[in-house]
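# An overview of the molecular structure
Chain by chain, the residues run as shown.
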Amino acid sequence: MSNAEQMLYLLKTRGAQTAQTLADALDLTPMGARKHLLALEAKGLLQSEERAEGVGRPGRYWMLTDAGHARFPDRHSDLTLQLIDQVRSLFGEAGLDQLIAAREQQARQHYQASLASQPDLASKVTTLARLRSEEGYMAEAQRDEDGHWLLLENHCPICAAARQCQGFCRAELTLFQHSLGPAFKVERSEHLLAGARRCTYRIQWLKPA
């Protein structure tokens, strides 16, 4: 993977970054990092903005444009959108809901089989992140400042389908809840389709009273 491609990946998974931060991550000089950033900007893949950082000059942060995000593919989006339109036309919203439910049921069986042997919440969320990454979601498992586990999805490979049919997003949340079981609570705290740069799910173990 070239330095430019690694920059795009880091900006996709970590959000806006300064040239210095990217230089440190990729073992480049600041000048070398800026050269790559400007080249990517000229291609329409990046944009930048200044952000106040206390006393002194504001910092310049780089981020992906829509074209930059599009470099991370949406699986078979054109075909998927056509199929959604056809199912909706032939069978109505009820038929589309049945299709989404069948997809969720199939995924749930796969997830439950993988999660059942995991002994604690940390290993369950880590395993879930691995499964989602295998499906193209560029997922990570992290803990927040309160000690709760987060499932971070830095990319949505079905984004075009989800924009056309919000049922896919509702099904994802239900899928995680059912796969983990009633001992856990799953909440979506960031949503790509609501303007966030990624989807984030907060997962808690419901301790018995």
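Look a little higher up for the structure.
Below is a summary of the structure that appears in this document. (Residues numbered from 1 in each chain as written. Predicted model: local features only at pLDDT ≥ 70, side-chain atom pairs only at ≥ 80, totals over all residues. Heavy atoms only, no water.)

## Remarks on the nonpolar core
Burial of nonpolar side chains together is a common tendency in soluble globular proteins. Quick reminder of the rule: Residues grouped as a nonpolar core are buried Ala, Val, Leu, Ile, Met, Phe, Trp, Tyr and Cys residues, joined through side-chain atoms within 4.5 Å. A 1.4 Å probe rolled over the protein chains alone gives each residue an accessible area, and that area as a share of the maximum for its type sets the label: buried under 20%, exposed over 50%, partly exposed in between. Here a helix means four or more residues in a row that DSSP labels H or I, a strand means two or more in a row labelled E, and each is numbered from the N terminus. Between two residues, a contact is recorded if the distance between any of their heavy atoms is within 4.5 Å.
Tyr111, Leu151, Phe176 and Ile203 are the most contacted members of the largest nonpolar core, which has 29 residues in total. In terms of residues, this core owes the most to one element, helix H5 (residues 77-115), which gives six residues. Among all residues touching Leu151, those that are not within four sequence positions of it are Val125, Leu128, Ala129, Ala139, Glu140, Phe176, Cys199, Thr200, Tyr201 and Ile203. One finds Met7, Leu10, Ala33 and Leu37 within the second-largest nonpolar core, a separate group that totals 17 residues.

## Thoughts on the pairing of strand S5 (residues 149-153)
Note the following rule: Strands qualify as paired when DSSP identifies two bridges or more between them.
Counting buried positions along S5 yields five of five residues, so the element is predominantly enclosed. Burial along S5 is two-sided: the face carrying Trp149, Leu151 and Glu153 and the face carrying Leu150 and Leu152 are both buried. Relative to S5, strand S4 (residues 139-143) is paired through five bridges, and the arrangement is antiparallel. The residue bridging Ala139 from the neighbouring strand is Glu153, located in S5. The loop that links S4 with its antiparallel partner S5 comprises five residues; one of these, Gly147, has a positive phi angle of about 90 degrees. Note that S5 and strand S7 (residues 199-205) share five bridges and pair antiparallel. Within S7, the residue paired with Leu151 across the bridge is Tyr201.

## With respect to the environment of Ala139
Within the secondary structure, Ala139 sits in strand S4. Residues Ala139 and Leu64, spaced 75 residues apart in sequence, show a C-alpha to C-alpha distance of 18 Å. Residues contacting Ala139, with those up to four places away along its chain left out, are Ala129, Arg132, Ser133, Leu151, Leu152 and Glu153.

## Describing the environment of Arg197
Convention followed: What qualifies as a polar contact is a pair of N or O atoms within 3.5 Å, subject to a donor-acceptor requirement within protein and to the restriction that residues adjacent in sequence count only when both atoms come from side chains.
Within the secondary structure, Arg197 is located in the loop between strand S6 (184-190) and S7. On the basis of relative accessible area, Arg197 is assigned to the partly exposed category, the value being 28%. Linking Arg197 and His155, residues 42 residues apart in sequence, is a C-alpha distance of 8.6 Å. Setting aside residues up to four positions removed in sequence, Arg197 forms contacts with Lys12, Thr13, Arg14, Gly15, Asn154 and Leu192. In this structure the side chain of Arg197 is engaged in a polar contact, spanning 3.2 Å, whose partner is the backbone oxygen of Lys12. Polar contacts involving the side chain of Arg197 include one to the main-chain carbonyl oxygen of Arg14, which spans 3.3 Å.

## Focus on the sheet that holds strand S2 (residues 46-51)
Keep this limit in mind: Whenever a helix is involved, its axis is fitted only over the stretch in contact; in every case the axis is a line through C-alpha atoms, and angles between N-to-C directions fall within 0 to 180 degrees.
Spatial strand order, S1-S3-S2: three strands in an open sheet with antiparallel pairing. The sheet is open, and its two edges are formed by strand S1 (17-18) and S2, each paired on a single side. In this sheet, strand S3 (residues 59-64) lies alongside S2 in antiparallel orientation, the contact comprising six bridges. By the bridge assignment for S3, Glu50 is matched with Arg60. On top of the sheet, helix H1 (residues 3-14) reaches S1, S2 and S3; it is set at about 95 degrees to S3, its chief contact.

As far as function goes, none of this settles anything; it's purely spatial.
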